[in-house]
Amino acid sequence: MRTAIVGVSGAVGQEFLKTLEERDFPVDELLLFGSSRSAGREYPFKGKQYTVKELKHNDDFKGVDVAFVSAGGAASKEFAGTITKHGAVMIDNTSAFRMDADVPLVVPEVNPEDALKRPRGIIANPNCTTIQMVVALNAIEKVSHIKRVHVSTYQASSGAGAQAMAELAKQYEQILKGEAPTVEKFVYQLAYNLIPQVDVFTDNGYTKEELKMYNETRKIMHSDIEVSATCVRVPVMRAHSEATWIETERPVSVEEAREAFAKAEGVVLQDDPINKIYPMPLFIAGKDPVYVGRIRKDLSNPNGLTFWTVSDQIRKGAALNAVQIAEYLFK
């Protein structure tokens, strides 16, 4: 497999390298691309060093089978034609094409067959919060159709990239020294704080992140499901958490839900509240699955269930999901 990574110097790009190596993806030849700032850097992969080339409008992608792209939405839009013109499958990690009707939006545990129809040669990787949620929702959807979802997210600093993670660590250091914290990647200081804003606000009062969860979930699940989200940035390094409430067409018992989660692909059940066992980002960072716990009936609705999920958004929420798409296509 001739494989390319575009945006290799970023947090997700680095995770692409790690994930491809860990899963022994069949890479016969590896090409790394980045901005002019990244060009010339070297990164190791399976015992060899690879040099980053500057992404340009040329024939560098001739013969490439799959390109994992995470260089920002503007770069994806500008270079999509260059990347795909010789037949490469472009798996894009940005929001550039997610809602385009002729670009499949894929989570392999939910709708892998959508990846087979890609008229533009592009497959979109969904938003990290959406991926985590739909993997869990799909388990219950197989038991009873889900009509409505309310979700609150608790999103780690890693969702804003490697520089954001560094800023959070720096803020704690500065505050402990009595210095004013640096605030550049977030709208406010994140250390010792919660920020009820991820992405920019739209006219209806929801942020773009919250609307992504509504629109992307419906597209992935091919469903009329209604989703209302509140997305919050929290002072955690890696792994997003979500508190999810769902309304199903018929009552689903806690026992049914536990059984559905336990056998669902990509899900790990971690639900033993008596012994204080439930998912937490501290212990899930760097792991692949979506962890589910705190499963209980909604006291206000006989058709309601509520549960808690945690997943590493750089892994399953980004790099791993993209690699799983490629594995599905080429196996």
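Residues numbered from 1 in each chain as written. Predicted model: local features only at pLDDT ≥ 70, side-chain atom pairs only at ≥ 80, totals over all residues. Heavy atoms only, no water.

Trainee: Hey, could you run me through a nonpolar patch on the surface in this one?
Mentor: Judged by side-chain polarity, Tyr278, Met280, Leu282 and Phe283 come together as a nonpolar surface patch covering roughly 410 Å² of accessible area. Among the secondary structure elements, Met280 is positioned in the loop between β11 (267-269) and α7 (281-284). (Patch = residues over 30% accessible without salt bridge, like charges linked within 9 Å, V, L, I, M, F, W, Y side chains within 5 Å. Areas by Shrake-Rupley, 256 points an atom, 1.4 Å probe, with all protein chains shown as cover. Salt bridge = Lys/Arg side-chain N within 4 Å of Asp/Glu carboxyl O. Helix = DSSP H or I, 4+ residues; strand = E, 2+ residues; numbered from the N terminus.)

Trainee: Teacher, can you tell me more about helix α3 (residues 128-141) here?
Mentor: Helical geometry note: an α-helix holds 3.6 residues per turn, so side chains three or four residues apart project in the same direction. Along its 14 residues, α3 runs 20 Å from first to last C-alpha, staying within 8% of the 20 Å computed at 1.5 Å per residue. Of all the 14 residues making up α3, 13 are buried; the element is thus mostly covered by neighbouring parts of the structure. (Expected span 1.5 Å × (residues − 1). Buried < 20%, exposed > 50% of the residue type's maximum accessible area, 1.4 Å probe, protein only.)

Trainee: Would you take a moment to explain the sheet that holds strand β12 (residues 290-297) for this structure?
Mentor: The strands that make up a sheet pair up through hydrogen bonds in the backbone, lying either parallel or antiparallel. Strand order in the open sheet formed by six strands is β9-β8-β10-β13-β12-β11, with mixed pairing between adjacent strands. Both edges of this open sheet fall to β9 (226-233) and β11, since each of them pairs with a single strand only. Averaged over all pairs of adjacent strands, the angle between strand axes in this sheet comes to 25°, irrespective of strand direction. As paired strands, β12 and strand β13 (residues 304-311) are joined by five bridges and run antiparallel to one another. Residue Lys297 lies in a different strand from β13, and its bridge partner there is Leu305. Contacts from helix α5 (residues 208-221) reach β8 (146-155), β9 and β10 (240-248), with the element oriented near 145° to β9. (Pairing = 2+ DSSP bridges. Axes fitted to C-alpha atoms, helices over the stretch in contact; angles between N-to-C directions. Contact = heavy atoms within 4.5 Å.)

Trainee: Sorry, what's going on with the environment of Glu327 here?
Mentor: Position of Glu327 among the secondary structure elements: in helix α8 (residues 315-330). Separated by 219 residues in sequence, Glu327 and Pro108 have C-alpha atoms that sit 9.5 Å apart.

Trainee: Help me understand the packing of aromatic side chains in this model?
Mentor: What describes a pair of aromatic rings is the distance from one ring centre to the other and the angle between the planes of the rings. All told, the structure shown has seven aromatic pairs when counted by the stated rule. Ring geometry for Phe25 versus Phe68: centroids 6.1 Å apart, planes at 75°, classification edge-to-face. Of the two residues, Phe25 sits in the loop between α1 (11-22) and β2 (29-34) while Phe68 sits in strand β5 (residues 66-69), which places them 43 residues apart along the sequence. With relative accessibility at 0%, the residue Phe68 sits in the buried group. Aromatic rings pair up to connect Phe16, Phe25 and Phe68 into one cluster. (Phe/Tyr/Trp six-rings, centres within 6.5 Å; stacked < 30°, edge-to-face > 60°.)

Trainee: When you look at the nonpolar core in this model, what are you seeing that I'm missing?
Mentor: As a rule of thumb, nonpolar side chains are buried together in soluble globular proteins. Formed by 54 residues in total, the largest nonpolar core has its most connected members in Phe61, Leu137, Val149 and Phe261. In terms of residues, this core owes the most to one element, α3, which gives eight residues. Leave out the neighbours within four places in its chain, and Val149 touches Met133, Leu137, Ile225, Glu226, Val227, Ser228, Thr244, Trp245 and Ile246. Leu20, Leu30, Ala115 and Val323 belong to the second largest nonpolar core, which has 29 residues in total. (Core = buried A, V, L, I, M, F, W, Y, C linked by side-chain atoms within 4.5 Å.)

Trainee: What exactly am I supposed to notice about the side chain of Glu167 here?
Mentor: Relative to the helices and strands, Glu167 resides in helix α4 (residues 162-176). One buried charged side chain, Glu167, makes no salt bridge at all; its nearest oppositely charged neighbour is Lys185, positioned 7.4 Å away. Those residues in contact with Glu167 that sit more than four places away from it in its chain are Thr182, Val183, Glu184, Lys185 and Phe186. (Lys, Arg positive; Asp, Glu negative; His and termini not counted.)

Trainee: Quick question: what am I supposed to make of unusual backbone geometry here?
Mentor: Of all residues except glycine, most have a negative phi; of all peptide bonds, most are trans. A positive phi angle, near 50°, is found at His222, a position not held by glycine. Within the fold, His222 resides in the loop between α5 and β9. Located in the positive-phi region is Ala239, a residue other than glycine, with phi close to 90°. By secondary structure assignment, the location of Ala239 is in the loop between β9 and β10. Ala239 sits in the buried class, given a relative accessible area of 0%.

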